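Residue-level structure breakdown
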Amino acid sequence: MKAKVLAALRKGENYELKTELNSEYRERRKEAVRRVIANMTVGKDVSGLFTDVLKNMQTDDLEIKKLIYLYLINYAKTQPDLVILAVNTFVKDTEDSNPLIRALAIRTMGCLHVPEVLDYLCDPLRTCLKDPNPYVRKTAVMCVAKVFELNAAVAEENGFVDAVRESLSDSNSMVVANVVSALAEMNEMEGGRGIWRLDTSTVGKLLTAVNECTEWGQIAILEALVDYRPQDEKEAENICERLLPRLQHANGSVVLSTVRLLLTYEKYVKRADLLQQFSKKMVPPLVTLLSSEPEIQYVALRNINLILQRQPKLLSKEIRVFFCKYNDPVYVKYEKLDVLVRICSERNVEPLLNELKEYAKEVDVDFVRHAVQAISRLAIKYDSAAERAVKVLTDLISTKVEYVVQESMIVLKDIFRRYPQRFDGVIATLCEYIDIVDKPEAMAALIWIIGEYSEHITNVGNVLSGMFEGFLEQEDESVQLALVNAAVKYFLKSPQQGQALVLKALQTATEKCANPDVRDRAYIYWRLLSADPEAARSVALVDKPPVELENVNLPDSLLQELVKELGCVSSVLQKPARLFVYKRAEKAGLPRHAETVGSEADEETTTSEAAAGGVDTTNEGEPELLISF
Amino acid sequence: MASAIFLVDLKGKPLIARDYRGDIPLSAIDRFMPLLQEREDEEGTSLPVMTENGVTYLHLREKDVYLVALTRKNTNAMTLLQFLHHLSQVFTEYFKTLEEESIRDNFVIIYELLDEMMDYGIPQITEPKILKEYITQESHMLEITPRPPMAVTNAVSWRSEGITYRKNEVFLDVVESINMMVNANGNVLSSEIQGAVKMKVYLSGMPELRLGLNDKVMFESTGRSAKGKAVEMEDIRFHQCVRLSKFETDRTISFIPPDGEFELMTYRLNTQIKPLIWCESVVESHRGRVEYMVKAKAQFKHRSTANNVEIIVPVPDDADSPKFKSTIGSVKYAPERSAFVWKIKQFQGGKEALLRAHFGLPSIRDDDPERRPPISVKFEIPYFTTSGIQVRYLKIVEKSGYQALPWVRYITKNGDYQIRMPEPLKSGGSRLPPI
């Protein structure tokens, strides 16, 4: 009922607009067009007014013209036959005396995505590509890429692609920059068939243009050069040196694209002194990126992380820049922590540990967890820092703040395993905080510690049987397993005191425990213990393999790939593009030109399979490649 | 590059959408807010870059509006985020504030801007001054319709020709912001100077400017011994008008400036600096009350004075009935910020000031650890730069040969200036005497 009324109302408004659009008064028509666009903006369907809106297209009011063009962009796809009615006005506009209008018309025609318009677009486009005004030319160049996407054959047969290639020599840098962007786009659409390949003479032109064009144009040129293969060492050196000043640009993306180029060219430039000079020059701009807006900082930090895997020592003097500020967004803090652990050396591990301790006292639980984990990573990484790290962790535990205690227990387990026997003195004090620990992972860790080092705890029997009280209520199997293990270890180490407990533990676990895994484990121990205590000893008290820092570096080939894509989405996600970019062939159901899709599908079967395989990985949680701690 | 740009309200409803490529259904934006929420729940933080079903969402937030770019490709994320920032700057320049209301009021011009600033998803022209010349809020008849200013496609894309002023003047402001992080023990964790040379240019024609600074690198390369101190700037970044290659070869800063206000360059110095305003604090918390003692010290030359000093000291959210006593300045409780603000209008170099504060607390409170935000300090010290940077000359040459006057001002102020609070001393043996 309500929907009906609304529909009637909407119809009512559209009806009213229809009358207004056909009004004899210019002002009323203008207001009506504005309202149509306003309705379109909020998502109301005004496609029914197509013909009425179109009638107003022939106007000398620029604002109205722009709005109607916008309307066309939105609804052309659904009404391709009617768009043809607008074509005449478009074509006329491309011959207007005002370059703004010429460019507007050619830009909009390209955005319509209607194959039917193509036939009418070709002639005006050819003229506009040669327009005396650079503003029109730079727009026309972009339009060729749009035509190419719609129908590559048409673009090539009409010589548009050649025309764009020739425009590389345009006297205007802005045009050249757009040429580079358009060619790169077409190259990508062709899947590397090679619409365009840079050669030495073009490189020269680009290096000149880069000094004159806008920041966005500079980025386009830098990106094109990244894919270029210099002829020889000399040329590579020359390119790098000419582009080095771009590191001083105010736009962070220009800076990062320059870094990307320098790192990619590392393999072509052999001279060690030059490479060293490049590295040195990269540092200050990278640090300055950290004073940008948080979103920019985030991308910068993700990329710095990659760069550091290539050049681990690059920022080792700048460690303090990465200290977290209280008001940094959490996502920036996480990335900073990761970088901090990465660049920390044995020399500055002490101040960093103090700093991490401060973070662990904050109230954001997730951040605290990250900070505590960072402490343990430092302990595992640097032998000399272990003692200090354990001190920091026990200090933190003594604050009795529940989540700090839990997290510290978990990481201490790893540190004890990494340095057996070294911290035996600390273990007894940990037992004082048993009551605070209730998170399964932390409990399991603490129980493991107790079982492993039972000989260092005076009243270990009481402690363990105390913990065993809650065995059956405990829902988490990792805790139950840990308890059974600990009881067995305790018994093996001190058979007399441990006998009662181990019997009770195995009995309860086998008879009353609902979890089959726990029961099985208990049975195995029981049999082992009764059949051959020595064998049991060698199973339960075996020397554990030492804990190593998990490998935080990406595989070499992936790193190579990502460094070449510095600044791109792949570098931020730190996974290869094929895992999140689906090729067009898979975009079923999208209103697209069927022929293009068909012809491309053949060439791209291999990639699309890979992408299809990647669908699940991208959707379900983070892939393993992501570094997290 | 970008497939579409959206302006989205806080509920995730699109206010304005501009589709550049047509390769992503516009309904994809409906997933933006849920996705943001999911990340928030899973990882405790939202992320500026997120991917789902082959669509990458890049966003930033401005007041009650999200600016979102969508793409299907492995495109340059840094470029798109920078572009979104430029977008927000341009909008702010046009409508003063960028918020939901101003977007609704100005949707026509926003569409025009989106059309002009990006084509086929590739950023084009983002210079607000130039855009304002031909995209205006008043509608035009075609006879007087603006044409694309020459500047749009010129090598000098930031300045139009034919500017005239009766009096030709240039104002230079050297502003240094001090970023400082001090830990609770009073150790400086990190300190840096973030400098900027800002200009207000009122010059006719196409003037050619050259700026001389006491730049150490240049002095050394030219073998000149500097009179006085030379400054070694670490990372200099220039407005796009400065010829970077010229600077690279002989360290001269030469440029044709945009008209009006702009930031010519920024630089950074990472040297260890003594905190200009030093704060020490002692906190004592008892059952039902908390007390603060803050000592501030102006650690710069006696000749200089810091103006409008504000020392903002955080207190627990539930603190009440404040009592203050200070040797100079005035103190106000700002419960909405959970802090008190100590204002000192003029704080002369070398002077010290003392403040005592007392707050009541509810007698029953939970034992969870308190948030401990840092003390932050605001100040301005005119006629003073921490780095010692100096403008040696500003040469102005225009072909008409007019004389122009350059004016220079220096100022040092706070940047991100944070001093961490010590842990509160627990009750028992009060060390602070009562107010």
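Model, not experiment: these values are computed from the prediction.

Reading the values: rules and limits
Residues numbered from 1 in each chain as written. Chains lettered and ligands numbered in written order. Predicted model: local features only at pLDDT ≥ 70, side-chain atom pairs only at ≥ 80, totals over all residues. Helix = DSSP H or I, 4+ residues; strand = E, 2+ residues; numbered from the N terminus. Buried ≥ 20, exposed ≤ 12 C-beta atoms within 10 Å, placed from the backbone. Contact = placed C-beta atoms within 7 Å. Domains from an automatic or database assignment. Core = buried A, V, L, I, M, F, W, Y, C linked by C-beta atoms within 7 Å. Expected span 1.5 Å × (residues − 1). Nonpolar A, V, L, I, M, F, W, Y, C, P; charged D, E, K, R; others polar. pLDDT = per-residue confidence, 0-100. Axes fitted to C-alpha atoms, helices over the stretch in contact; angles between N-to-C directions. Parallel < 35°, antiparallel > 145°, perpendicular 65-115°, else oblique. Left-handed = near helix turned anticlockwise from the far one by under 90°. Pairing = 2+ DSSP bridges. Bend = angle between axes of the 7 residues up to and from the residue.

In terms of regular secondary structure, chain A is built from 33 helices and zero strands. C-alpha atoms of chain A, sized along the principal axes, occupy 105 × 75 × 45 Å. Each of the 629 residues in chain A was classed as buried or not, and the buried ones make up 47%. A fraction of 68% describes how many contacts in chain A between residues 6 or more apart in sequence connect residues 24 or more apart.

To continue, consider the overall build of chain B. Tallying secondary structure elements over chain B gives eight helices and 24 strands in all. With respect to the three principal axes, the spread of C-alpha positions in chain B is 80 × 65 × 40 Å. Within chain B, residue pairs in contact and separated by at least 24 positions form 69% of the contacts whose partners lie at least 6 positions apart.

The next thing to look at is the domain arrangement of chain B. Split by domain assignment, chain B resolves into domain 1 (4–153) and domain 2 (158–435). For domain 1 of chain B versus domain 2 of chain B, the distance between C-alpha centres works out to 32 Å.

Our focus in this paragraph is the nonpolar core. With 255 residues, the main nonpolar core has Val144, Ile375, Leu378, Ala389, Ile447, Leu483 and Ala487 of chain A as its most contacted residues. A per-element tally of this core places helix α8 (residues 134–150) of chain A first, with 11 residues. One finds Ile178, Leu269, Ile344 and Leu355 of chain B within the second-largest nonpolar core, a separate group that totals 36 residues.

This paragraph deals with helix α2 (residues 77–95) of chain B. Three- or four-residue spacings in an α-helix give side chains the same orientation, since the helix completes a turn every 3.6 residues. Taking 1.5 Å of rise per residue, 19 residues should cover 27 Å, and α2 of chain B covers 27 Å from first to last C-alpha, within 8% of that figure. Lys96 of chain B occupies a position one or two residues after α2 of chain B and carries a positive phi of about 70°.

Taken residue by residue, the interface counts 69 residues in chain B and 79 residues in chain A. Per-class residue counts for the side of chain B that touches chain A are 31 nonpolar, 25 polar and 13 charged.

Moving on: the environment of Lys216 of chain B. Residues and elements named next belong to chain B. Its place among the elements puts Lys216 in helix α7 (residues 216–221). For Lys216, a count of 15 C-beta atoms within 10 Å gives the class partly exposed. Considered as a pair, Lys216 and Thr271 are 55 residues apart in the sequence and their alpha carbons are 15 Å apart. The residues touching Lys216, leaving out its near neighbours within four places in the chain, are Ala230, Val231 and Glu232.

Quick look at the confidence of the model for chain A now. For chain A, the average pLDDT comes to 84, and 90% of its residues sit at 70 or higher. In the model, residues 585–629 of chain A has pLDDT below 50 throughout and makes 53 contacts with residues more than four positions away in sequence or in other chains.

So, on to the packing of helix α15 (residues 252–264) of chain A against helix α17 (residues 294–310) of chain A. Packed helix pairs are specified by the crossing angle of their axes together with the interaxial distance, meaning the distance between the axes. Residue and element names in this part refer to chain A. Packing of α15 against α17 leaves a shortest axis separation of 12 Å and a crossing angle of 15°. Judged by the inter-axis angle, α15 sits roughly parallel to α17. By crossing handedness, the relation of α15 to α17 is classed as left-handed. In contact with Gly252, Leu256 and Leu263 of α15, α17 contributes Ile296, Ala300, Asn303, Ile307 and Arg310. Here the residues of the contact of α15 with α17 are counted per class, giving five nonpolar, two polar and one charged.

Residues and elements named next belong to chain B. Two elements, strand β16 (residues 305–314) and strand β19 (residues 339–348), share nine bridges in a ladder whose sense is antiparallel. By the bridge assignment for β19, Ile311 is matched with Trp342. Sheet analysis places β16 next to strand β21 (residues 375–382), joined by four bridges and oriented antiparallel. Within β21, the residue paired with Asn307 across the bridge is Glu380.

All names here are of chain A. The terminal C-alpha atoms of helix α5 (residues 80–93) lie 20 Å apart, and with 14 residues this matches the ideal 20 Å at 1.5 Å per residue to within 8%. The largest bend in α5 amounts to roughly 40° and is located at Ala86. Every buried residue belonging to α5 is among Val83, Ala86, Phe90 and Asp93, and all of these are buried. The inward-facing, buried residues of α5 abut α3 (50–55), α4 (62–75), α6 (99–111) and α7 (115–129).

For the rest of this paragraph, the subject is the sheet that holds strand β10 (residues 208–213) of chain B. Residues and elements named next belong to chain B. Ordered in space as β12-β10-β22, the three strands form an open sheet in which the pairing is antiparallel. The two strands at the open ends of the sheet, each matched to only one other strand, are β12 (253–255) and β22 (391–397). Within the sheet, the average angular offset between the axes of one strand and its neighbour, ignoring direction, is 15°.

Okay, the sheet that holds strand β23 (residues 405–419) of chain B next. Residue and element names in this part refer to chain B. Ordered by their spatial adjacency, nine strands build an open sheet running β11-β13-β9-β8-β23-β21-β16-β19-β18, and the pairing between neighbours is mixed. Two strands lie at the open edges of the sheet, namely β11 (237–238) and β18 (330–334), each paired on one side alone. By the bridge criterion, five bridges tie β21 to β23 in an arrangement that is antiparallel. Among the inter-strand pairings, Ile381 is bridged to a residue of β23, identified as Thr412.

Residue and element names in this part refer to chain B. The share of residues in chain B with pLDDT of 70 or more is 92%, and the mean pLDDT across the chain is 88. Model confidence for chain B, summarised as mean pLDDT per element, is weakest for helix α6 (residues 150–153) at 66 and strongest for strand β5 (residues 65–71) at 96. Here residues 139–143 is a poorly scored stretch, pLDDT under 50, and it has 11 contacts once near neighbours within four places are set aside; other chains count. Model confidence for the complex is summarised by a pTM of 0.85, with the ipTM given as 0.85.

Residues and elements named next belong to chain B. Position of Leu354 among the secondary structure elements: in strand β20 (residues 352–360). Residue classification places Leu354 among the partly exposed residues on the basis of 14 C-beta atoms within 10 Å. A sequence separation of 60 residues divides Leu354 from Val294, and the C-alpha atoms of the two residues are 5.9 Å apart. In this structure Leu354 touches Lys295, Ser326 and Thr327, once residues within four positions along its chain are discounted.

Once that is clear, we can look at the environment of Val188 of chain B. Residue and element names in this part refer to chain B. Its place among the elements puts Val188 in strand β9 (residues 188–202). Classification of Val188 as partly exposed rests on a count of 16 C-beta atoms within 10 Å. As a C-alpha pair, Val188 and Glu133 span 55 residues in sequence and 48 Å in three-dimensional space. Once you skip the residues sitting within four places of it in the chain, Val188 turns out to touch Met180, Val182, Gln272 and Pro275.

Looking now at unusual backbone geometry. The residue His113 of chain A is not glycine, and still its phi comes out positive at about 60°. In this fold, His113 of chain A is placed in the loop between α6 and α7. With a phi angle near 30°, Ser321 of chain B is a residue other than glycine that sits in the positive phi range. Locating Ser321 of chain B in the fold gives a position in strand β17 (residues 320–326).

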